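Breakdown of the fold
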Amino acid sequence: MAAAAGEGIVELQRQLLGGYQLLQTLVGIRLRTVTDPESVRHLTWLSDVTAAVELISRRVTVEGPLDFAGYLEDVAAFWTRACEGRPVRVDVRGHSTLLPDSHLLPLAIITHELIANACRHAFPDGRRGSIAVAFSRAVGGVSLVVRDSGVGAATLEPGEGLALVRGLVEHLGGSMSIETAPDAGVSVRIRLPLETAPMH
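Moving on to the pairing of strand β5 (residues 141–148). Of all eight residues making up β5, seven are buried, and the element is well covered by its neighbours. Where strand β4 (residues 129–138) and β5 come together, eight bridges link them in antiparallel fashion. Within the sheet, the bridge partner assigned to Ser-136 lies in β5 and is Ser-143. Two successive antiparallel strands, β4 and β5, enclose a turn made up of two residues, where Gly-140 displays a positive phi of approximately 75°. Here seven bridges tie β5 to strand β7 (residues 186–193), and the two strands are oriented antiparallel to one another. Bridging across to β7, Val-146 finds its partner in Val-188.

Pasting the structure below:
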């Protein structure tokens, strides 16, 4: 009975992954024909979120909590492929940490969104640079730092991407800070408690 249940879960996971891949394919097809900048932006964001969900789903098993450091390796490989042909390096350093289910998808989307922002905005005109991701245990929870060596800014106007990240961080009861300066890149630091955040 247990073996049959396990096989059923594996088959369900396979179907879900197939669904995520199909959604990414459909979005990619639409992106080839859409010219309106606003539509392109929204479809690109949908593709990013789908990719984050697919990557985390590949790591989910029936055996218990997921080690987020392993997921970060998948993220680094994904964005290294996305930046192929550009002089941009993606490095991750993660300590083995088991996360509760309540944190998995939000933290996956947070990480994906921050790296996407750096890839798309930090290195204009073929600028060379790097994106560094560090994930570790912290007092009472976990710490995530995403830092790029890109153009930076005197001040950073929070766009939709950072607003989404901040909203997810607040949903999980965490805190977020941003540091930037011209030609000094952008650094985003996030601290999250590991207990389930209260619903708002």
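Having seen the model, we can carry on.
Mapping Thr-97 onto the fold places it in the loop between β2 (88–94) and β3 (98–99). Note on Thr-97: relative accessible area 2%, which makes it buried. A sequence separation of 30 residues divides Thr-97 from Asp-67, and the C-alpha atoms of the two residues are 5.3 Å apart. In this structure, Thr-97 is in contact with Leu-66, Asp-67, Phe-68, Phe-135, Arg-137 and Val-142, ignoring residues within four places of it in sequence.

In this section: the side chain of His-103. Mapped onto the fold, His-103 is located in helix α4 (residues 101–121). Reaching out from His-103, the side chain makes a polar contact with the backbone oxygen of Pro-193 at a distance of 2.7 Å.

So, on to the packing of aromatic side chains. Scanning all chains against the criterion turns up three aromatic pairs. With a centroid separation of 5.1 Å and 40° between ring planes, the pair formed by Phe-68 and Tyr-71 is classed as tilted. One end of the pair, Phe-68, and the other, Tyr-71, are both in helix α3 (residues 68–82), three residues apart, so they sit about a helical turn from each other. Each ring, one from Phe-78 and one from Trp-79, has its centre 5.2 Å from the other, and the planes form 80°; the classification is edge-to-face. As far as burial versus exposure is concerned, Phe-78 and Trp-79 are alike and both buried. Among the aromatic residues, those joined into a cluster by ring pairs are Phe-68, Tyr-71 and Phe-135.

When the terminal C-alpha atoms of helix α5 (residues 160–171) are compared, their 16 Å separation across twelve residues agrees well with the 16 Å that a helix rising 1.5 Å per residue should span. The complete set of buried residues in α5 reads Gly-161, Leu-162, Val-165, Leu-168 and Val-169. Buried positions in α5, seen along its axis, are confined to an arc of 125° and lie on one side of it. Elements in contact with the buried residues of α5: α4, β6 (175–180) and β7.

Analysis parameters
- Residues numbered from 1 in each chain as written.
- Predicted model: local features only at pLDDT ≥ 70, side-chain atom pairs only at ≥ 80, totals over all residues.
- Heavy atoms only, no water.
- Buried < 20%, exposed > 50% of the residue type's maximum accessible area, 1.4 Å probe, protein only.
- Helix = DSSP H or I, 4+ residues; strand = E, 2+ residues; numbered from the N terminus.
- Pairing = 2+ DSSP bridges.
- Contact = heavy atoms within 4.5 Å.
- Polar contact = N/O pair within 3.5 Å; in protein donor to acceptor, adjacent residues only side chain to side chain.
- Phe/Tyr/Trp six-rings, centres within 6.5 Å; stacked < 30°, edge-to-face > 60°.
- Expected span 1.5 Å × (residues − 1).
- Arc of directions from axis to C-beta.

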